[in-house]
Amino acid sequence: MRLLKRLMTAIAGLALTIFSANARIVVDVNRGHADPLPIAITDLVGSENDIVSGGSVQDYGKRMALVVKADLTRSGLFRTVDSGAFIKSGNALTSLRNPNFSNWKAIGAQALMNGSISLQEDGRLKVEFRLWDVLGSSQMTGLRYYTSPKNWRRIAHLMSDAIYKRLTGESGYFDTRVVYISESGPATAKIKRLAIMDQDGYNHVFLTTGKNLVLTPRFSPTAQEITYLSYHGDNPRVYLYNIDSGKQEILGDFPGMTFAPRFSPDGNKVIMSQAYKGNSDIYVMELRTRKIQRLTKHTAIDTSPSYSPDSRYVTFNSDRGGSQQIYVMDADGKNIKRISFGKGRYSTPVWSPRGDLIAFTRQYKGKFYIGVMKPDGSGERLLSESYLDEGPTWSPNGRVIMFFRQQPYDRQGRGGETQLWTVDLTGYNERQIITPLEASDPAWSPLIR
Amino acid sequence: MRDAIIISLVFHVVVLASGMIAIPMWRDDKPTEMRVIPVEMITVGEITKLRAQEKKPDPVKKIADAKKKPAQRKVEMPPEPPKLASTMPLPDIKSKPKKKIKDKKPIKTAVNRAPRITPKTKPRRFNVGKLAVLLDKREQSEPNIIEKLKDRDFGPEKQISSLDLEQQILSIADAIDKHIFDNQCWNVPAGAKGAAGLRVTVQVRLGPDGELIGAPKVVQSSRMTMPGQEFFRTAAESALRAVRKCAPYDFLPKDKYDLWRDMEIIFDPEHMLNG
Amino acid sequence: MLKKMNGVKYWALIGAILLLGACANSNTKTGELDNASVEPPVEKQQEVIAKPTEDVQVETVMVDPATQESLDMAADNALVYFGYDRYDLSSDGRSGLQAQAAWLVAHADVKVTVEGHCDERGTREYNLALGDRRANAVKNYLVALGVDPSRIHTVSYGKERPAVTGTGESVWSKNRRGYTRVN
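This structure is a prediction, so every number in the text was calculated from the model and none was measured.

**Q** Looking at this structure, I do not really get the sheet that holds strand β2 (residues 217-218) of chain B. What am I missing?
**A** The pairing of strands in a sheet comes from backbone hydrogen bonds and takes either a parallel or an antiparallel form. Sheet architecture is open: four strands sit in the order β1(A)-β3(B)-β1(B)-β2(B), paired in mixed fashion. A strand with exactly one partner marks an edge of an open sheet, and here the two such strands are β1 (25-29) of chain A together with β2 of chain B. Alignment of strand β1 (residues 200-205) of chain B against β2 of chain B, held across two bridges, turns out to be antiparallel. Looking at the pairing, V202 of chain B lines up with V218 of chain B of β2 of chain B. Across the sheet, helix α8 (residues 230-246) of chain B lies against β1, β2 and β3 (262-267) of chain B, angled at about 30 degrees from β1 of chain B, the strand it touches most.

**Q** Please clarify how the domain arrangement of chain A should be interpreted in this entry.
**A** Accessible area lost on assembly of the parts is the figure often given for the size of an interface. Residue and element names in this part refer to chain A. Here chain A is described as being made up of domain 1 (37-168) and domain 2 (177-444). Counting residues at the interface gives five residues for domain 1 and eight residues for domain 2. If you tally residues by element for the side of domain 1 that touches domain 2, the top one is helix α2 (residues 57-75), at three residues. Here the side of domain 1 that touches domain 2 is built from residues that sort into one nonpolar, one polar and three charged.

**Q** Would you mind going over the pairing of strand β24 (residues 345-351) of chain A with me for this structure?
**A** Residue and element names in this part refer to chain A. Of all seven residues in β24, seven are buried, a share of seventy percent or more. Here β24 runs beside strand β25 (residues 358-364); their pairing, made up of five bridges, is antiparallel. From the neighbouring strand, V350 faces β25, where its bridge partner is A359.

**Q** Teacher, can you tell me more about unusual backbone geometry here?
**A** Leave glycine aside and you will find that most residues have negative phi; peptide bonds, for their part, are mostly trans. The omega torsion of the bond from A247 of chain B to P248 of chain B falls at 0 degrees, within 30 degrees of zero and hence cis. Along the chain, P248 of chain B falls in the loop between α8 and α9 (257-260). The phi torsion at N77 of chain C lies on the positive side, around 60 degrees, for a residue other than glycine. Following the sequence through the fold, N77 of chain C ends up in the loop between α4 (68-74) and β1 (79-81).

**Q** I tried to follow the interface of chain A and chain C on my own but got confused; where do I start?
**A** Across the contact, 30 residues belong to chain A and 23 residues belong to chain C. Of all the secondary structure elements, the ones that give two or more residues to the side of chain A that touches chain C are β12 (214-219), β16 (257-263), β17 (269-276), β20 (302-307), β24 and β28 (389-394) of chain A. Counting residues per element, the side of chain A that touches chain C draws most heavily on β16 of chain A, at three residues. The residue inventory of the side of chain A that touches chain C, partitioned by class, reads twelve nonpolar, 15 polar and three charged.

The rules behind the values
Residues numbered from 1 in each chain as written. Chains lettered and ligands numbered in written order. Predicted model: local features only at pLDDT ≥ 70, side-chain atom pairs only at ≥ 80, totals over all residues. Pairing = 2+ DSSP bridges. Helix = DSSP H or I, 4+ residues; strand = E, 2+ residues; numbered from the N terminus. Contact = placed C-beta atoms within 7 Å. Axes fitted to C-alpha atoms, helices over the stretch in contact; angles between N-to-C directions. Domains from an automatic or database assignment. Nonpolar A, V, L, I, M, F, W, Y, C, P; charged D, E, K, R; others polar. Buried ≥ 20, exposed ≤ 12 C-beta atoms within 10 Å, placed from the backbone.

Structure, rendered in structure tokens:
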């Protein structure tokens, strides 16, 4: 009987322990902050005695850290913590694998990137970095790259992408480029040139001379081709430009002006408008066969078409209802539905690469706005506002929108500069992209692979 | 002998089960009977009340705002969905110096912040906690209120004690929530597309000084490494960072250590991302 | 046939008168038009007025031929203006185009390009389409007045080539235009 009692007690005790495992105060936290995550980016450690063209390996390590810092800061999701003189002590190399987390925590860093860079015998650079969870004292990711020194910026962008992805859960957009129209000269006779650059404004190259007026470039999904509008021979037509070869060719043999081109998501087609005898409709051309299909047939202006990422739908701009509004139709031109119903005029719809939103330009009472709405027209949000904001283009992860902004003119007719800007999907973190000259019509490349 | 064990097992299970069912029923019977609140807990309880008051918009201010608005609005934009009602996390409002935001601010704050859940809306959890504490007493080195109350004979007194306990647990939970918010420990994961299913439960064990004992653990931690669950992993990591950043939890009442030694903190970004 | 001839002569006359008016105005306004190439027609024009019945002489006087200056002077600087987001022709616009048509009929070997332009208060691609509408509105009217459509090329410049820069309706209204350019 005593044994039984003991057993009972033991079992009861066990039951109690099991229950007590769940026995907790439960705290519901549903209020948080959306501040940038404090992250420390240290210079990649490298030898100052190994010299590559343009500097020592150590210099490259510092430059790459700067690029990563700039990328992450510009995203608005990170705040780089300056290590200052704090973390200089100790052997750099051992601390690379075994950072002193309490030091980093003390200066408020929650994530830490460190790494090294060295010169290989074959002349390439070996770049290695690790991302650490400072509060959890653990490694989150680590990657190693081998590259020719001239690619150092790309490698830095790839590192930024890896860090961004690991910490936010979604793809980065730093290893991307932007094609746009560079503008110079007086507004009444602007010289416009196709230009391309990294998304941070570096590695800038002009692609055309400015002899012909060029407008609205857009990337193919491979980022190797651009479709754009050129006034070559005073005949505005849609052209293709191959970035590698520099080759340009006219797309199709349309009797009227072709404009507003955009690639299909698979890159096999270009959708565009043709204006013929005063009426603009939407056409799509198969690039391989050059077969042309007409998608809209209406006396209204139908333009600015953009495919959904699954290629099943096309959103476009039309004034068929009396004023400019945004419409969505099936990819074959059927089931045309109006989706914008707010006051003012809506134009330049562009489908997000994630498929969940359509970005647009809206005009209302003398102002221009960049905004987004769901493909069914609901959930409209305006992200930017100015005298003239126009032409949104999405970062490949669908989180940032780039557009151009024109300043008003003063009374003497001066001013009116155009520049590129980015804004986060939240409507915050508006930033200007620095370009050598004035800039308009940006188009963001997909992730370069 | 074997039968006896089985019988006793069944008996215990029945007792436990009936306890689980019965205790909440007592409480629901006379929810207004709560009279005795341990003095040392009032501080935390007061915070709860104070916060509730803070939430109330100042009526005077509200009127002032309402008066201001028509005058301030230069651009007669149609009523747009508030900007902050985003599917994306929102960086600090202060960081964007925009006029139009200013005059909408009061509304936004209200929209953005999840309504406070009042104690009475979550009885189930308290019951579990309450039961747990009751059961946990075996492991407790010194007798607590429950222990003392348990020795008394009268039913009504027990009733009060359970309410009491609930109040204490609630106050502690609210204090921790407030601590995490006030110290900006939780940075909501950025970029999550559909916030649904990103609720993260973290199990935490604290020492008597409020320091973390061992690593906080994510329930469902296996999900963190699954492909395609990057957003959950991000959410989970943000929750772990929050728990660690906010340690030590040394503001908790030392004499109630038994109550807060083990706890679960649930981080739910849904209001932040979709609200 | 006779009627048609009369019509042509009528328009030519109108053109001449308009030309005169344009010169008178221009001379006082800008120094640009004082240059030698513009002067001769003015003197000859006065002869025309002196002998208004001698219709045939009007044509020979207009030797000056097919220059842009000639058309500009003959027809409101070869410009037609449009309302905001509109492409229909106002009565002023129509009378200007009537003058253009007369000039074009009188210079049957000339080809022109009609440019459609917009103000900057619209998005680029929509404005390209709108400019095309405007250019075609001009072309269609000229064709209706007897100009051979094959002589008229249209091109839309959207908002790419404003005539004047500045902010405000007085500026924008000058940029919403159709312009007939002599090739």
